[in-house]
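# Descriptive analysis of the structure
In case you want the letters, here they are:
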Amino acid sequence: MHRGKSVIVACAATAALLGPVGVAAADGSAPASTPAATPSAKPHKGAGDGSQGLCKRAKKIDERLDRALKRLKGQANVKGSVARLAKRVERAKKADHTEVETFLNHKLTFRRSLVTTLEQRQKDLSKVQTWCASRGEGSGT
């Protein structure tokens, strides 16, 4: 008994959602054209590549890259710096902790490559900011 009521409720909800679409499909008539399908519809301003959002966030991205590079290039007393990690590798080597040294050395290699990656990203972002400014989008510089 309960199952029958559930089926009836589900069918009623489906019919309510389909409404005129279901009736038009049953009549065999063609559906009405949507505004996006008409040739007079205006195309979207963006190309779908996220350029508007990127132009909007470019300044904050640049600040974040600056902070990360400052930390990575910091002295041995700065948490997260390459120098601090290199110092830890040296300490592990002196203490003859081979496994720890290997782990930290791999981490150091990655962190050094991260510096070059972030520097390249910063150069690319500079070009994006110039492009955004020439188009009058976002924060530009």
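Above: the structure in question.
Residues numbered from 1 in each chain as written. Predicted model: local features only at pLDDT ≥ 70, side-chain atom pairs only at ≥ 80, totals over all residues. Heavy atoms only, no water.

## Overview of the environment of phenylalanine 103
The cut-off we apply is this: A run of H or I in DSSP counts as a helix once it spans at least four residues, and a run of E counts as a strand once it spans at least two, with each numbered from the N terminus. Buried residues are those whose accessible area, probed at 1.4 Å on protein chains only, stays under 20% of the maximum for their type, while exposed residues exceed 50% and partly exposed ones sit between those limits.
Relative to the helices and strands, phenylalanine 103 resides in helix α4 (residues 98–135). Given a relative accessible area of 55%, phenylalanine 103 falls into the exposed group. For phenylalanine 103 and valine 89, which are 14 residues apart along the polypeptide, the C-alpha to C-alpha distance reads 8.9 Å.

## Quick look at the nonpolar core
Inclusion rule: Nonpolar cores were defined as sets of buried Ala, Val, Leu, Ile, Met, Phe, Trp, Tyr and Cys residues, with membership established by side-chain atoms within 4.5 Å. Between two residues, a contact is recorded if the distance between any of their heavy atoms is within 4.5 Å.
By size, the foremost hydrophobic cluster in this structure holds 14 residues, and its most contacted members are Leu65, Leu108, Val115, Leu118 and Leu125. Elements that contribute at least two residues to this core include exactly α2 (51–72), α3 (82–94) and α4. When residues of this core are assigned to their parent elements, the largest contribution, six residues, is made by α2. Setting aside residues no more than four positions away along its own chain, valine 115 makes contact with Leu69, Leu72, Lys73 and Val82.

## Notes on the packing of α3 against α4
Worth spelling out the cut-off: Interaxial angle, 0 to 180 degrees, is taken between N-to-C directions of lines fitted to C-alpha atoms, where a helix line uses only the stretch in contact. Here the word oblique covers every angle except those under 35 degrees (roughly parallel), over 145 (roughly antiparallel) and from 65 to 115 (roughly perpendicular). Helix crossings get a hand from a simple test, with the near helix turned counterclockwise from the far one by less than a right angle marking a left-handed crossing and a clockwise turn marking a right-handed one. Amino acid classes used here: Ala, Val, Leu, Ile, Met, Phe, Trp, Tyr, Cys and Pro are nonpolar; Asp, Glu, Lys and Arg are charged; the rest, including Gly, are polar.
Where α3 meets α4, the closest approach of the two axes is 9 Å, and the angle between their N-to-C directions is 160°. The orientation of α3 with respect to α4, classified from their angle, is roughly antiparallel. Like other packed secondary-structure pairs, α3 and α4 cross with a definite hand, here left-handed. Counted together, Val82, Leu85, Ala86, Arg88, Val89, Ala92 and Lys93 of α3 and Val100, Glu101, Leu104, Asn105, Lys107, Leu108, Arg111, Arg112 and Val115 of α4 form the full contact between these two elements. Looking at the contact of α3 with α4 residue by residue, the class counts come to nine nonpolar, one polar and six charged.

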